[in-house]
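# Residue-level structure breakdown
The lines below spell out each chain.
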Amino acid sequence: MPSPVLDRYNNEFKDLEGFFLPMAMAAWDFLFCAQNALNIKGGMLEIGVFKGKSAVLAAMHMRDHEPAFLLDLHDVPAARDAIQSVKPNNVTFLKMNSIDALDDQRLEAMRGQLRWVHIDGEHTGYATRADLDTAAALLSKNGLICVDDFFSFKYPQLTASVYEFLFKNPFKFRMVLACANKCYICRTAWAEKYDTYIRENCIEKMALSENNWTLTRTSYLHDHGCFSIISRNKDRDFVGLDRDIDTRVF
Ligand SMILES: C[S@@+](CC[C@H](N)C(=O)[O-])C[C@H]1O[C@@H](n2cnc3c(N)ncnc32)[C@H](O)[C@@H]1O
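Now for a description of the structure that goes with this document. (Residues numbered from 1 in each chain as written. Predicted model: local features only at pLDDT ≥ 70, side-chain atom pairs only at ≥ 80, totals over all residues. Heavy atoms only, no water.)

## A look at the site of the ligand
Taken together, 18 residues form the shell around the ligand, and within it Phe19, Ser54, Asp72, Ser98 and Asp120 come nearest. In the environment of the ligand, an oxygen atom lies 2.8 Å from a nitrogen or oxygen atom belonging to the backbone of Phe19. Here a nitrogen atom of the ligand sits 3.1 Å away from a polar atom, N or O, in the side chain of Asn97. With the chains in place, 87% of the 600 Å² that the ligand exposes on its own is no longer accessible. Placement of the ligand is best described as lying within the largest pocket. Every element with two or more residues in the shell around the ligand is listed here: α3 (53–61) and β2 (68–72). Within the shell around the ligand, the residues separate by chemical class into six nonpolar, seven polar and five charged. (Near = heavy atom within 4 Å. Polar contact = N/O pair within 3.5 Å; in protein donor to acceptor, adjacent residues only side chain to side chain. Areas by Shrake-Rupley, 256 points an atom, 1.4 Å probe, with all protein chains shown as cover. 1 Å grid on protein atoms, 1.4 Å probe; cavity = no way out; pocket = protein on both sides within 12 Å on 5 of 7 lines; lining within 4 Å. Sits in = over half its atoms within 2 Å of the grid points. Helix = DSSP H or I, 4+ residues; strand = E, 2+ residues; numbered from the N terminus. Nonpolar A, V, L, I, M, F, W, Y, C, P; charged D, E, K, R; others polar.)

Given below as structure tokens:
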């Protein structure tokens, strides 16, 4: 079932203008709860804040002492107001181009310490690739990088840069979940823990049946497969390898 944080978010912030699908909200809530269950601590960074629709949910999941960095090219007054109401302390707004993120001493001091980095700024391939390098530098040993608009036909270059990053760093980074236009990447050493947590908890905690969603895993981690969540498929909670599907149902 969704956490009380998501219930509050849905009551107070769901209608904020922005780009954040209900399935992505549920996935974030699930993954932040996973980090709690796995005793993962650390701050967060969002690149590309706009009006704060996604940033607010992440900020709500941060503990009071955990830092939240919100970076955007422009002033984001609506996001400031919303985030102030849920996380009054340890929030830093950075008005800058993300290419220069590590020139900021406050971010530079966070190397290896963030448990959540959301990349949702400039959607060119080179900016995404640079943002992935920034995220990799800032990510803690057990945190997650989330990349927006993964497999969006509007931004094919963004998906190319995600795979270039993964292919260049197979011993360092793995994708563990993809759904609702976003993918989730962790350090390879932690991939099994996230993978197991998703396998054991996602169906129930994201209330997949009630939400009309299905968990899929159509190949192995070592085949660049990972869990994904899709619209309800054959009224199943889980769909696995294509070759395992009973052909009599077609
Ligand atoms: C798609 S919006 C972000 C949506 C937001 N995360 C939400 O939940 O609604 C993209 C944001 O990225 C910012 N942006 C674009 N290019 C950027 C860059 N190079 N560096 C930092 N921010 C950038 C834009 O100003 C815009 O606010």
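## A few points about the pairing of strand β8 (residues 213–216)
Residues of β8 alternate between two faces, with Trp213 and Leu215 on one and Thr214 and Thr216 on the opposite face, all of them buried. In this structure, β8 lies alongside strand β9 (residues 227–231), joined through four bridges in antiparallel fashion. Bridge assignment links Leu215 to a residue of β9, and that residue is Ile229. The pairing of β8 with strand β10 (residues 238–239) spans two bridges and is parallel. Along β10, the bridge assignment pairs Thr216 with Val239. (Buried < 20%, exposed > 50% of the residue type's maximum accessible area, 1.4 Å probe, protein only. Pairing = 2+ DSSP bridges.)

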